[in-house]
Amino acid sequence: MLEHLELFFKSVFVSNMVFATFLGMCSYLAVSKKVSTAVGLGAAVIFVLAVTVPLNWLLDQYLLRDGALAWLGPEYADYDLSFLSFILFIATIATMVQLVEIVVEKFSPSLYNSLGIFLPLIAVNCAILGGSLFMQSRDIATIGLAFNYGLSSGIGWFLAILAIAAIREKIRYSNVPAPLRGLGITFIVTGLMAIGFNSFGGMLTGGDEGAKEELQQSAKTEEVKEDVKKELEKNEVSFNNVQNN
Amino acid sequence: MAINTEKNSYTVIFAAVMVIVVGSLLAFVASALKPAIKENQRFEKQQNILYAMGVHENSDAGSVNFIPTDKVEEAFAKHIKEQWVIQGGQITKDDTEAYLIDLKKQKTAAKEGRPPKLPLFVGEKDGETFYIIPMLGNGLWDAIWGYMSVNQDMVIQGVFFDHKAETPGLGANIKQRYFMDDFIGESIRKDNSYYGVDVSKTNNDPTNNDKVDNQVDALAGATITGDGLAAMVKATVRRYAPYLEQIRTEN
Amino acid sequence: MGLLTKKDQALILDPLADNNPITIQVLGICSALAITAELKASIVMGISVLFVLGVGNVVISLIRNIIPSKIRIIVQLVVVATLVIIVDQVLKAFAYELSKTLAVFVGLIITNCIIMGRFEAFALGNGPWKSFLDGIGNSLGYAVILIIVGFFRELLGSGTLLGFQVLGDPVAKTGLYALGYENNGFMVLSPMALIVVGIIIWVQRSRNKDLIED
């Protein structure tokens with residue numbers, strides 16, 4: 001449980017897709033003029049990430065990684081198909097995106113119109129492929145964690161685009177120098193936000209498994225100490241009792 | 001052209017043909033080039049291990065120069081005396097290809113509860129003995145790895161770090177000479193236990209004169225890579241601690 | 001240029017300034033931010049994109065009439081990914097050193113939206129020669145911005161250009177450093193790339209008032 005919580009906060013804040021790794025910038029900058037469209041795209045990204053990361057996790061575990069084909073029989077154990085991971089990950093993502101496109105077109109034509117060419121571009125939104133590749137390179141251990149990772153990275157991206165869209169709506173009423181209006185000021189504001197998000201870097205820098213073990217061990221010794229204390233107190237009590245008698 | 005590209009049957013056929021063409025093309029390229037790639041990777045590993053124990057061709061103060069690929073095999077055979085494989089507490093010393101052990105696979109094995117194979121190399125140069133430990137960890141974008149050589153007193157004699165895809169100019173600087181050279185002389189022991197080395201932003205010792213603090217100066221703009229690197233060094237040192245202790249107390 | 005008609009010239013020259021992929025079309029931002037802390041990496045990335053976009057545009061343009069529109073995104077991605085993977089594998093086998101330098105960029109090239117964006121917007125509707133010119137023009141426009149950003153970030157952040165110390169030695173205090181100049185470490189951090197691009201947009205739009213958004 002703690003593992004899940006840590007991964008969640010880490011992906012939303014510390015290694016935020018937009019502000020820490022600068023992934024998914026193109027659609028982030030281009031579709032953040034209005035809060036309502038930003039929410040739509042953000043939700044689509046959360047959905048696609050939450051679906052594709054676990055899917056690609058399965059592909060990676062049972063098809064791609066070195067020795068992953070061992071479940072077919074021992075003679076397949078030596079195959080290493082990891083050079084195919086780019087193509088397969090992208091295929092999963094593109095299929096999912098096309099599905100989302102069809103669903104959105106059917107149920108919310110207005111959202112479909114405002115998202116315009118950016119729905120297909122979710123497929124190349126580097127945040128999405130980045131999510132799958134990070135999942136692979138960081139060795140996410142279980143499918144539950146993979147789902148958590150996709151979902152929380154999506155939420156991080158959603159937060160970022162929501163924040164910048166809100167700022168851009170407000171900034172329209174400010175007296176920005178004419179050449180900076182629109183894209184220019186958005187770049188600069190994003191830069192400042194990224195500097196702000198850098199300060200999350202000091203949180204949860206963990207990843208040091210051994211340190212965690214040590215922590216648990218020291219916690220255990222403390223428990224032992226508590227026990228000893230209690231024993232001592234008991235003895236003292238009985239000792240006092242004896243004295244009183 | 002009279003093809004109706006909107007028909008479902010056409011779409012399916014097109015997709016199938018595309019998958020077959022692309023799949024076989026990639027499989028052909030991959031299998032045709034595999035031997036050459038493997039050979040390159042083998043030389044690279046030998047070069048890296050030798051670099052960590054100080055066998056290199058560095059001429060000036062700033063660059064990293066390996067033993068050239070055509071001489072590396074010879075040098076490797078000359079300097080690396082023993083290759084140990086530690087598995088489940090047992091040390092075997094007769095595997096001559098221990099340096100090809102894939103650390104990532106061993107990590108997975110350890111996770112699944114099988115005893116991992118831990119390689120350790122014993123090198124010799126100018127009458128001195130070096131113990132070289134391979135390492136693997138995570139940076140900001142992808143894997144980072146390296147080799148670290150210590151002497152019998154557990155003082156670092158040299159390191160080599162590399163990375164798959166860290167940011168150029170920031171995290172990628174872990175393979176710069178000035179960063180790697182900072183590790184030389186640091187001890188991996190602290191207060192009689194095996195600790196490792198911290199990558200510190202606040203040690204007030206940017207020129208790294210203090211060699212007993214278990215700290216080297218961090219790289220600007222590479223917090224996550226630096227933390228990942230320190231975590232890698234510490235985890236490895238902890239994993240090897242019982243065997244390193246054996247080496248230290250041997251004589 | 002007798003070989004190129006006026007229209008062809010426009011295909012190459014427009015993306016260099018008034019229709020720049022980064023500052024106007026908002027394509028390919030991620031990579032522009034990730035790798036511009038060094039001038040050398042910016043140049044390498046520019047050349048790689050030039051190659052992939054030039055060849056990719058031609059391939060897509062050649063098969064544009066037989067691609068089913070329903071799965072065109074997948075087809076486009078597969079073309080880019082295949083190209084990049086093959087180049088990567090060949091380099092690994094025959095030019096290992098070079099491939100290690102480029103390894104960082106493989107993923108960035110595949111997901112670079114400038115490539116998909118140009119496929120979608122141009123190559124699907126135009127012939128191979130025009131698509132080729134469009135690919136060259138756009139990647140040059142992209143490279144120009146990358147090189148400007150990389151130049152300033154490396155110069156102000158590390159005091160070097162292509163790895164050479166052009167402002168003097170910061171440790172021995174020679175050159176500019178003797179006068180009390182210090183490197184601005186902030187410039188090498190990624191957020192500063194955003195701000196530098198913002199300033200480039202500012203300069204560009206002050207010179208050409210037509211580009212100003214309201």
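Residues numbered from 1 in each chain as written. Chains lettered and ligands numbered in written order. Predicted model: local features only at pLDDT ≥ 70, side-chain atom pairs only at ≥ 80, totals over all residues. Heavy atoms only, no water.

By the naming in an unreviewed UniProt entry, chain B goes by Na(+)-translocating NADH-quinone reductase subunit C and is assigned to Sediminicola luteus. Per its UniProt entry, chain B bears the Function (unreviewed entry) comment "NQR complex catalyzes the reduction of ubiquinone-1 to ubiquinol by two successive reactions, coupled with the transport of Na(+) ions from the cytoplasm to the periplasm. NqrA to NqrE are probably involved in the second step, the conversion of ubisemiquinone to ubiquinol." (UniProt positions renumbered as here; feature names shortened; annotations may be inferred.)

As annotated in an unreviewed UniProt entry, chain A carries the name Na(+)-translocating NADH-quinone reductase subunit E and comes from Sediminicola luteus. Under the Subunit (unreviewed entry) heading, UniProt states for chain A: "Composed of six subunits; NqrA, NqrB, NqrC, NqrD, NqrE and NqrF." Annotation of chain A in UniProt includes, under Catalytic activity (unreviewed entry), the sentence "a ubiquinone + n Na(+)(in) + NADH + H(+) = a ubiquinol + n Na(+)(out) + NAD(+)".

Q: Which residues make up the packing of aromatic side chains, and what values go with them?
A: The full count for this structure, using the stated rule, is 14 aromatic pairs over all chains. Ring centres of B:Phe161 and B:Phe183 lie 5.2 Å apart, and the angle between their planes is 65°; on these two criteria the pair is classed as edge-to-face. Taken together, the residues B:Phe161 in strand 6 (residues 156-163) and B:Phe183 in the loop between helix 4 (177-182) and strand 7 (189-190) connect sequence positions 22 residues apart. In this pair, the class of B:Phe161 matches that of B:Phe183, namely buried. Members of the aromatic cluster, each reached through a chain of ring pairs, are A:Phe8, A:Phe9 and A:Phe13. The lysine or arginine in question, B:Arg189, covers the ring of B:Tyr194, its NZ or CZ lying 5.1 Å from the ring centre. (Phe/Tyr/Trp six-rings, centres within 6.5 Å; stacked < 30°, edge-to-face > 60°. Helix = DSSP H or I, 4+ residues; strand = E, 2+ residues; numbered from the N terminus. Buried < 20%, exposed > 50% of the residue type's maximum accessible area, 1.4 Å probe, protein only. Lys NZ or Arg CZ within 6 Å of the ring centre and 35° of its normal.)

Q: So, the interface of chain C and chain B: which residues are in play, and what are the values?
A: In this assembly, 30 residues from chain C lie in contact with 32 residues from chain B. Buried area between chain C and chain B, both sides added, is near 2700 Å², and the carbon and sulfur share of it is 71%. Here chain C and chain B share zero salt bridges between them. Connecting chain C to chain B are four residue pairs in polar contact (both at pLDDT 80 or more). Elements with a minimum of two residues in the side of chain C that touches chain B: helix 4 (72-94) and helix 5 (96-110) of chain C. It is helix 4 of chain C that provides the largest number of residues to the side of chain C that touches chain B, a total of 11 residues. For the side of chain C that touches chain B, a count of residues per class yields 21 nonpolar, five polar and four charged. (Contact = heavy atoms within 4.5 Å. Buried area = accessible area lost by both parts, 1.4 Å probe. Salt bridge = Lys/Arg side-chain N within 4 Å of Asp/Glu carboxyl O. Polar contact = N/O pair within 3.5 Å; in protein donor to acceptor, adjacent residues only side chain to side chain. Nonpolar A, V, L, I, M, F, W, Y, C, P; charged D, E, K, R; others polar.)

Q: Tell me about the UniProt feature "transmembrane region" (unreviewed entry) in chain B, residues and numbers included.
A: Here, the residues flagged by UniProt with the feature "transmembrane region" (unreviewed entry) are residues 12-33 of chain B. For the annotated span residues 12-33 of chain B, helix accounts for 100% and strand for 0% of the residues, and the straight-line distance between the end C-alpha atoms is 31 Å.

Q: A description of the side chain of B:Asn48 should follow, citing residues and the corresponding values.
A: All names here are of chain B. Secondary-structure assignment places Asn48 in helix 1 (residues 8-52). Of the residues examined, Asn48 reaches a relative accessible area of 2% and is grouped as buried. In contact with Asn48, other than residues within four places in its own chain, are Phe66, Trp145, Tyr147 and Phe160.

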